[in-house]
Amino acid sequence: MMLPRALLVATGLSLVSLPATAEPLVVEEAQVRAVPPGSQTSAAFMTLRNPGQRDVVLVAAETPVAKAAELHDHQDADGVMQMRQVAQIVVPAGGSTSLAPGGLHMMLIGLTAPLAEGEPVEIELRFDSGDTQRLEAPVRRIVVDDEGSHGQGHGH
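Summary of the structure given here. (Residues numbered from 1 in each chain as written. Predicted model: local features only at pLDDT ≥ 70, side-chain atom pairs only at ≥ 80, totals over all residues. Heavy atoms only, no water.)

Below, the discussion takes up the overall build of the protein chain. In terms of regular secondary structure, the protein chain is built from one helix and twelve strands. Helices and strands in the protein chain line up, N terminus first, as α-β-β-β-β-β-β-β-β-β-β-β-β. Burial analysis of the protein chain (156 residues in total) assigns 33% to the buried set. About 9600 Å² of surface is accessible on the protein chain, with carbon and sulfur atoms providing 54% of the total. (Helix = DSSP H or I, 4+ residues; strand = E, 2+ residues; numbered from the N terminus. Buried < 20%, exposed > 50% of the residue type's maximum accessible area, 1.4 Å probe, protein only. Areas by Shrake-Rupley, 256 points an atom, 1.4 Å probe, with all protein chains shown as cover.)

See the structure below:
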């Protein structure tokens, strides 16, 4: 009976280590804002869904298309909305967090090349756990309406 117990222990250890190598978040609707030629900044938007049982804390991002990728939020400062860098973005266990125009988002600063609409942009997310996750976000024209919602815009 030692062999089956050893197999159970070995299998249990494999299952315990599996989540550490799995992608921590499901990334939906990732996109990078198309900007005019010569622009030095853009932004990345996406929905981060956490199917896990623990909060996931995004602390940084990196992309080859910009010198820096910073986590930002829009905050009310004495009645004026201002964009501010934030140290982290928490994606709650079993929940999701949206990075969207007018709210949390990722600024791409010091663009190293023009962003061609439709082309994918590689982004690496870094978490407080030390884990990283890579994704590709297509460059899209994003229009923000008066209510702050966004769409891909079709000339209106």
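Where strand β3 (residues 56-62) and strand β9 (residues 120-127) come together, four bridges link them in antiparallel fashion. Looking at the pairing, Ala61 lines up with Leu125 of β9. With seven bridges joining them, β9 and strand β10 (residues 132-140) adopt antiparallel strand pairing. For Glu122, the partnering residue across the bridge sits in β10 and is Glu136. (Pairing = 2+ DSSP bridges.)

Of note in this structure, Glu29 is not a glycine but carries a positive phi near 55°. Here Glu29 is to be found in strand β1 (residues 26-33). Residue Glu29 is classed as exposed on the basis of its relative accessible area of 62%.

All right, on to the nonpolar core then. Judged by nonpolar contacts, the single largest core of 28 residues is most densely connected at Val32, Met46, Leu48, Met106, Leu108, Ile123 and Leu125. Contributions of two or more residues to this core are made by β1, β2 (41-49), β3, β4 (66-77), β6 (89-91), β8 (105-111), β9 and β10. Looking at this core element by element, the count peaks at four residues for β9. Residues contacting Leu108, with those up to four places away along its chain left out, are Val32, Gln40, Thr41, Ser42, Ala43, Thr63, Val65, Ala66, Ala68 and Ala69. (Core = buried A, V, L, I, M, F, W, Y, C linked by side-chain atoms within 4.5 Å. Contact = heavy atoms within 4.5 Å.)

Considering the arrangement of structural elements, one finds Met106 in strand β8. The class of Met106 is buried, set by a relative accessible area of 0%. Met106 sits 33 residues away from Asp73 along the chain, and the two C-alpha atoms are 8.5 Å apart. In this view, Met106 contacts Ser42, Ala43, Ala44, Met46, Ala61, Ala69, Glu70, Leu71, Leu99, Ile123 and Leu125; residues no more than four positions away in its chain are not counted.

The element β2 is extensively covered by neighbouring structure, given that seven of its nine residues are classed as buried. The sheet contact formed by β1 and β2 spans five bridges and is antiparallel. Bridge pairing in β2 links Glu28 to Thr47. Pairing of β2 with β8, which is carried by four bridges, proceeds in the antiparallel orientation. In the strand pairing of β8, Ser42 is matched with Leu108.

So, about the pattern of salt bridges. Taken as a whole, this structure holds five salt bridges when the rule is applied. Put simply, Glu122 and Arg134 hold a salt bridge, and the shortest N to O gap is 2.5 Å. Linking Glu122 in strand β9 with Arg134 in strand β10, this pair joins segments that are twelve residues apart in sequence. When its relative accessible area of 54% is taken as the criterion, Arg134 is described as exposed. (Salt bridge = Lys/Arg side-chain N within 4 Å of Asp/Glu carboxyl O.)

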